[in-house]
Amino acid sequence: MTRAFENPAAPELGELLAQIGWMRGLARSLVADPDEAEDLVQDAVVVALEKRTAVRVDLGGWLRTVLRNLALRRTGREGRRSGVERQAARPESGADGVREALERMELQRWLAEAMLRLAEPYRSAVILRHVEGLDPGTIAARQGCSGEAARQRIARGLAQLRAELDVRHGGRAAWCLILAPWVGRPAGPLSASLTTGGILVGSKTLLASLAALAALVLAWWTLGRDPASPARAPGSPAATARPTDLAGQADAEASPAVAAPAKREATPVPPAPPEPVAATAQDPLFALLSGRVVDEAAAPIAGAEVRVRRPEVGHLSMLDLETRRAPREVARAVTDAEGRFAFELERGIPFDLALAAEGFCDEHLPQRYAGEELEAVLSKGFLVHGFVRREGDALPIADARVRVFQLNRSARQERVTTTAGDGSYQLRLTFQEDATLEVTPLREQGSGWIPLVFDDTGTARVDVALPDGIEVRGRVVEAGSGRPIPGARVGEGWTFRRSAETDAHGEYVLPGFGVSGVQELHVQASGFGRVQRASLPAAVDGVLRVDFELPRGRLVRGRVLDPEGRPLAGAYVAAVASEQGAEGQRAEWLSGRTDVAGRFEIAGLTPEIRHCLLASAEGLDTRVYDFPASESTEPELDLGDLQLAPPAVLAGTVQDEKGRPLAGVEVLLVGTNADRARLRGDSTLPPAADWYVESRRATADARGRFWFGALPAGDFRLHARTRGQPASPSVAVRLAEGELRDGFVLVYPRGEELSGTVVDDDGRGLGGVYVNASLVETRESGPWPSASPVASTRTGADGAFELSGLPAGRYHLSFHPFELAGDPDFPWLSTMTEVESVSPAAPGPPLRVVLPRGQSIHGHLLDAHGAALVGYVVVGNGPESVITPTSTTDEDGAFGLAVPPGTVWELEVH
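Everything quoted here is computed from the prediction, not taken from an experiment.

What counts and what doesn't
- Residues numbered from 1 in each chain as written.
- Predicted model: local features only at pLDDT ≥ 70, side-chain atom pairs only at ≥ 80, totals over all residues.
- Heavy atoms only, no water.
- Salt bridge = Lys/Arg side-chain N within 4 Å of Asp/Glu carboxyl O.
- Helix = DSSP H or I, 4+ residues; strand = E, 2+ residues; numbered from the N terminus.
- Buried < 20%, exposed > 50% of the residue type's maximum accessible area, 1.4 Å probe, protein only.
- Pairing = 2+ DSSP bridges.
- Axes fitted to C-alpha atoms, helices over the stretch in contact; angles between N-to-C directions.
- Contact = heavy atoms within 4.5 Å.
- Patch = residues over 30% accessible without salt bridge, like charges linked within 9 Å, V, L, I, M, F, W, Y side chains within 5 Å.
- Areas by Shrake-Rupley, 256 points an atom, 1.4 Å probe, with all protein chains shown as cover.
- Lys, Arg positive; Asp, Glu negative; His and termini not counted.
- Charge placed at Lys NZ, Arg CZ, Asp CG, Glu CD.

Now for the pattern of salt bridges. Across all of its chains, the model carries 51 salt bridges by this definition. For Glu507, the salt bridge identified is with Arg545, shortest N-O distance 3.9 Å. Pair noted here: Glu507 is in strand β19 (residues 507-513) and Arg545 is in strand β22 (residues 543-545), with a separation of 38 residues, a long-range link. The class for Glu507 is partly exposed, based on a relative accessible area of 29%. Arg764 is paired through a salt bridge with Asp762; the nearest N and O atoms lie 3.3 Å apart. One network of salt bridges, in which partners are shared, links Arg403, Glu414, Glu438, Glu492, Arg497 and Arg498.

Structure follows, in structure tokens:
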């Protein structure tokens, strides 16, 4: 591997490590005890790493002097250790010794990988400072930044390493104790550690040294010591490790004025409050995310644990479910006596906060940004409980997945549990609005989405009875050859909410199929393209036979570079596709990470659809490149070098026409890097997967502020939207590489308002009714509602609704009880009304809409042999004044249409 950093004034690390043999011999001649000799060599190596730039000519002579001086100091300071101490210091023999060696090698490997995972420019700064031995001024010149910025980069890189060690080993004190004996006394020859294949495959002098020696020395010497204390050798009596900050504590060389805020270790007793720190002019990419945790009476909660997680490409609608469900934890703290916490984080990145305190319900705050000041209220929560049983025999269903989430939210929360042996479940939530329950058992049919209704005590009791559903059987083979594919995964819907694997013969069995809204099957296998089936055959005796043929998948490879053109390790890359086909939307998101050489390979790309590549890395921008037009003809595609750049940040405020900030508004930024078509060339093919890789979403905070970070240079369009109001006018924004655009004002007019209540025949409010408002257009045939609603909302629990931001005009309103429970023989009906004028001059009184009851047309859809047809759509054609009813057949082929009494209908089947 080519060395990433060169220091002509300092010896190569390879030269230093080559001296170890004779250094051991000299050390053993200077001190009698072999263990003390090993300590002496270790201390000399530490000095050499710290002082490498002081060596000009004779490395061997310089090291001899260091060894002799250290031996004299050791003799004068400590004297001879007792025999008992020497015996305790010797490595254990036999199985214990082997186990210790393996543990040490594993930690060495993990430490090296942790350093390579550091985002740029922090990784380079740490290596330049603590491996290359450069001073902050030289590092600043190398990286093209100020000396203060270089110190901050070193400090933040070390802070990230501390945070990873804290998370891995349960706190600062724990990992300091783990590292202490290993750094103080190596268990064997250094060369043995350096040649272990598990450290870093394919690395050469720099990375091997970093993995086996510098990682340990760096962790003990730099991470474990008090950042405010002077440097001491690890073997000295004063070199004690005390618990310090989880992340963000500045290095000893960082100026106190720019040190990161204290993010304290998660312990039951809160430490002293952090000192507030603002982002400095030298590093405007960082700012504070701070706040206060209180109870429902606004009293501070001390000792609450606050965890910060960084979702990958957080602003985008990621289809990579595995990565999305496990965001990386980047910091952790415990609130002080005033309930306060603070983190210094990258600007423009949506972070998720998880809060927990004894006696309170856990809280999840998604999409929070550096620059925000939060007040998080912890409560006892709202209780959701019940039983899940089989529909046929009422037997309990154990181990079913129960999920409660917020429907129709861009940053929705969710809670998940599983049923006990008696079928019972219990969840505590911190939200009620739009709370929706879904049950997914192992064998029975899933529940679909169930809206939750809470009583006055904040409790919702929901008992769920699940039918057996349909058993799906089939075989998965390779297209063309017909060879069976073992280990293929067949599942319900694109999320594979439930799945089964094929056996050695390619056969699979998936029970419980047929949940409403998930009437499709997907299959995927390593090295093959993904296939889906929405057009399913009829079930015979409760069994659906569906076979699949999978095409061989394509492979894409390439290399990701940092802004200086160096290989970028640990970058996130994904091949993304989305197209409409005969079986519905075909979406794909296959991901991976770059290796130490910056290279990546992604296999199993579906050959029939077009892809683009998304690449991102912490501290850099997120870029998208469409695949070349030759993608459709090449089984393997090399995209070459893809270079990431410094990120741009766009921050601003959403205001109404009077300059008042608007909170809770969703802000959408649409666009990608200007060179997106670089690989596609002159092809006339449209870009691939536009919506997923172009549309970024953020939510305005309590002061109307929004942030977008990790942006590439390019042209974007910005607009705001919220429930019950039309979207704001779209604004064009052009960003340059690394540009920090702050103070942007996005105007979202409040416009005119239209409000009312939806009730039943007895005047009771009906909650959860969908309300759509469309402007009435004048056509040749007369007035007609526009094709797309201007604004939409849902009624509250009391049936009230409000639409705002409306342009003046005449409106057509429709009301849909899609999720309203009722008598199946006398169902709720959709209804319509018109408002003649919405204007400042004639606002009019609130509307009162009575939702009517109807009757049902119901039946079963069967094939010629009497078998149920599942997932077919039945449409009613009737009077033009009535909204067209539709129904989808269930596992028994049953359907039901809600229609007004006394009307005549023709039925169509699709």
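In this section: the sheet that holds strand β26 (residues 584-593). Pairing in this open sheet of 4 strands is antiparallel, and the strands run β26-β25-β28-β29 from one edge to the other. A strand with exactly one partner marks an edge of an open sheet, and here the two such strands are β26 and β29 (623-626). The sheet shows a mean angle of 20° between the axes of neighbouring strands, direction not considered.

Here Gly896 is to be found in strand β49 (residues 894-899). Since its relative accessible area comes to 36%, Gly896 is described here as partly exposed. Separated by 38 residues in sequence, Gly896 and His858 place their C-alpha atoms 4.1 Å apart. Aside from chain neighbours lying at most four places away, what touches Gly896 is Ile857, His858, Thr886 and Ser887.

On the surface, a cluster of positive charge is contributed by Arg324, Arg325, Arg401 and Arg489. Within the secondary structure, Arg489 is located in strand β17 (residues 489-492).

Turning our attention to the pairing of strand β34 (residues 705-711). In terms of burial, β34 is largely enclosed, as 7 of its 7 residues are buried. When strand β31 (residues 648-655) meets β34, the two strands line up antiparallel, connected through 5 bridges. Paired with Gly652 across the strands is Phe706, a residue of β34.

Remember, this is a structural readout, not a statement about activity or role.
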